[in-house]
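# Structural overview for review
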Amino acid sequence: MPAGLIMLSAVPVIAGAVRAAELTGGATVTPDNARFFASPVPVLVHIIGASLYCLLGALQFAPGFRRRRPGWHRLAGRVLIPCGLAAALSGVWMALFYPRPPIDHVLVTPMRLVFGTAMFCCIVLGLAAIRRRDIARHRAWMARGYAIGLGAGTQVLTHLPWMLLVGQPRGVGRALLMLAGWVINLAVVEWALRRRPTRPTRSIPRRADAPAGVLASK
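Residues numbered from 1 in each chain as written. Predicted model: local features only at pLDDT ≥ 70, side-chain atom pairs only at ≥ 80, totals over all residues. Heavy atoms only, no water.

## Let's talk about the packing of helix α6 (residues 108-131) against helix α7 (residues 135-149)
Each packed pair of helices is defined by two parameters, the angle between the axes and the distance between the axes. Orientation of α6 relative to α7, taken along the N-to-C sense of each, is 160 degrees, at an axis distance of 8 Å. Taken together, α6 and α7 sit at an angle that is classed as roughly antiparallel. Our pair here, α6 against α7, has a crossing hand that is left-handed. Of the residues in α7, those touching α6 at Phe115, Ala118, Met119, Cys122, Ile123, Leu125, Gly126, Leu127, Ala129 and Ile130 are Ile135, Arg137, His138, Trp141, Met142, Arg144, Gly145, Ile148 and Gly149. Residues belonging to the contact of α6 with α7 are distributed by class as follows: 13 nonpolar, four polar and two charged. (Axes fitted to C-alpha atoms, helices over the stretch in contact; angles between N-to-C directions. Helix = DSSP H or I, 4+ residues; strand = E, 2+ residues; numbered from the N terminus. Parallel < 35°, antiparallel > 145°, perpendicular 65-115°, else oblique. Left-handed = near helix turned anticlockwise from the far one by under 90°. Contact = heavy atoms within 4.5 Å. Nonpolar A, V, L, I, M, F, W, Y, C, P; charged D, E, K, R; others polar.)

## Re helix α3 (residues 40-58)
Every α-helix carries 3.6 residues per turn, so stepping three or four residues along brings you back to the same face. The end-to-end C-alpha separation of α3 is 27 Å, in line with the 27 Å expected for 19 residues at 1.5 Å each. Where α3 is concerned, the buried positions are Pro42, Val43, Ile47, Gly49, Ser51, Tyr53, Cys54, Leu56, Gly57 and Ala58. The secondary structure elements touched by the buried residues of α3 are α1 (2-24), α2 (34-38), α5 (70-97), α6 and α7. (Expected span 1.5 Å × (residues − 1). Buried < 20%, exposed > 50% of the residue type's maximum accessible area, 1.4 Å probe, protein only.)

## Some remarks on the environment of Thr154
Tracing the backbone through its elements, the reader meets Thr154 in helix α8 (residues 151-165). A relative accessible area of 5% places Thr154 in the buried class. Contacts of Thr154, omitting those with residues within four sequence positions, involve Leu8, Gly181, Ile184 and Asn185.

## Side note on a nonpolar patch on the surface
Taken together, the side chains of Leu160, Trp162, Leu164, Leu165 and Val166 make up a nonpolar region of the molecular surface, amounting to roughly 580 Å² of accessible area. Positionally, Val166 belongs in the loop between α8 and α9 (171-195). Under the relative-accessibility criterion, Val166 is labelled exposed at 65%. (Patch = residues over 30% accessible without salt bridge, like charges linked within 9 Å, V, L, I, M, F, W, Y side chains within 5 Å. Areas by Shrake-Rupley, 256 points an atom, 1.4 Å probe, with all protein chains shown as cover. Salt bridge = Lys/Arg side-chain N within 4 Å of Asp/Glu carboxyl O.)

## Structural notes on the state of the cysteines
Taken as a whole, this structure holds zero disulfides when the rule is applied. Note on Cys122: no disulfide assigned, nearest cysteine sulfur contributed by Cys121 at a separation of 7.2 Å. (Disulfide = S-S within 2.5 Å.)

## Overview of the pattern of salt bridges
Summed over all chains, the structure comprises six salt bridges. Across the pair Glu190 and Arg144 runs a salt bridge, and its minimum N-O distance is 2.5 Å. Here Arg144 lies in helix α7 and Glu190 lies in helix α9, a separation of 46 residues in the sequence. Owing to a relative accessible area of 17%, Arg144 belongs among the buried residues under this scheme. Overlapping salt bridges, with partners in common, bring together Asp104, Arg112 and Arg174 in one network.

## Considering the confidence of the model for the chain
When the pLDDT values of the chain are averaged, the result is 87; 89% of them are 70 or greater. Ranking the elements of the chain by mean pLDDT puts helix α4 (residues 63-68) last with 76 and α6 first with 96. Within the model, pLDDT remains below 50 along residues 200-218, and this stretch shows 44 contacts once partners closer than five positions in the same chain are excluded. (pLDDT = per-residue confidence, 0-100.)

## Focus on α8
A rise of 1.5 Å per residue sets the reference length of α8, with its 15 residues, at 21 Å; its end C-alpha atoms lie 22 Å apart and thus fit the reference within 8%. Along α8, the sharpest kink reaches roughly 30 degrees, centred on His159 and followed within four residues by the proline Pro161. Within α8 the residues assigned to the buried category are Gly151, Gly153, Thr154, Gln155, Thr158 and His159. Residues of α8 that are buried in the fold lie against α1, α7 and α9. (Bend = angle between axes of the 7 residues up to and from the residue.)

## A look at the environment of Glu22
Relative to the elements of secondary structure, Glu22 occurs in helix α1. For the pair Glu22 and Phe36, spaced 14 residues apart in the sequence, the C-alpha separation amounts to 9.9 Å. Those residues within four positions of Glu22 in sequence are excluded, and the remaining contacts are Ala27, Asn33 and Phe37. Only 3.5 Å separates the side chain of Glu22 from the side chain of Asn33, close enough to count as a polar contact. (Polar contact = N/O pair within 3.5 Å; in protein donor to acceptor, adjacent residues only side chain to side chain.)

## Examining the nonpolar core
One finds Tyr53, Met119, Ile123, Tyr146, Ile148 and Trp182 to be the most contacted residues of the largest nonpolar core, which totals 24 residues. Elements supplying a minimum of two residues to this core: α3, α5, α6, α7 and α9. Residues in contact with Trp182, not counting those within four places in the same chain, are Met111, Arg112, Phe115, Ile148, Gly151 and Gln155. Ranked by size, the runner-up nonpolar core spans seven residues in total, among them Ala20, Leu23, Val43 and Met94. (Core = buried A, V, L, I, M, F, W, Y, C linked by side-chain atoms within 4.5 Å.)

This is the structure:
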C-alpha cells in the first residue's frame, strides 16, 4: 500500500517541485503563473506541506513497518500534523484569494474550500481522538484527512482518459473530474474502514515523556 500511495503522489509532487523551482529560480512570468509570482508564499507552503504529507504519510499505512519501528509512527505524526494543516489552510487561502484560472469553472472554488476545510477538520478530529486515547477514531479521521490530501494524485488519473480522448478538460467537465478524485479517495477509505473487523479499542497508557497530541501507534 505505501508504494502505491507514493506512486499516486508522484505526479503532483513532481509538478509542485517544478512550480517551486520556477518561483525560486526567477522564471518568466506568464498569464498562467502570474498569480503565484504575485503572492508566492501560500503556494510554496502548500507545495512543501502537501508533498511531505503525502509522501511521509504513505508510510503510516505500513503495519509491518510500524510494528518493527514503534516509535516511527509517533515521530512521523509530529511532522505530518503541521504539514497537513499547512497544506489544507494554504489551499483554502489560495482558493479564496488567488484569481481563478480560465480553465476552472466557478464550481471549483467552493469545492476547494469544502475539501480544504474538511481536510483540516479531519486532522484536528484525529488529533483530538488520540489525545483521548481513542485509537480507532484517530485512525479513521487521519485516513480521511490523508484521502483528501491525496486528491490531487487521483485527479491525475481522472483527468488522464479525458485528456487522451478529448484534450485539456475545462469548465464543468474539469470540475466534475476534480470532484471525482476526492470522492473516489474518500469512498475507498470508508470502504476500508467498514470492512475492518470491529475490535475493542485499546487504552494505551501515556508515557511520562510523551506529549499529549502525538499520534499513537496503530
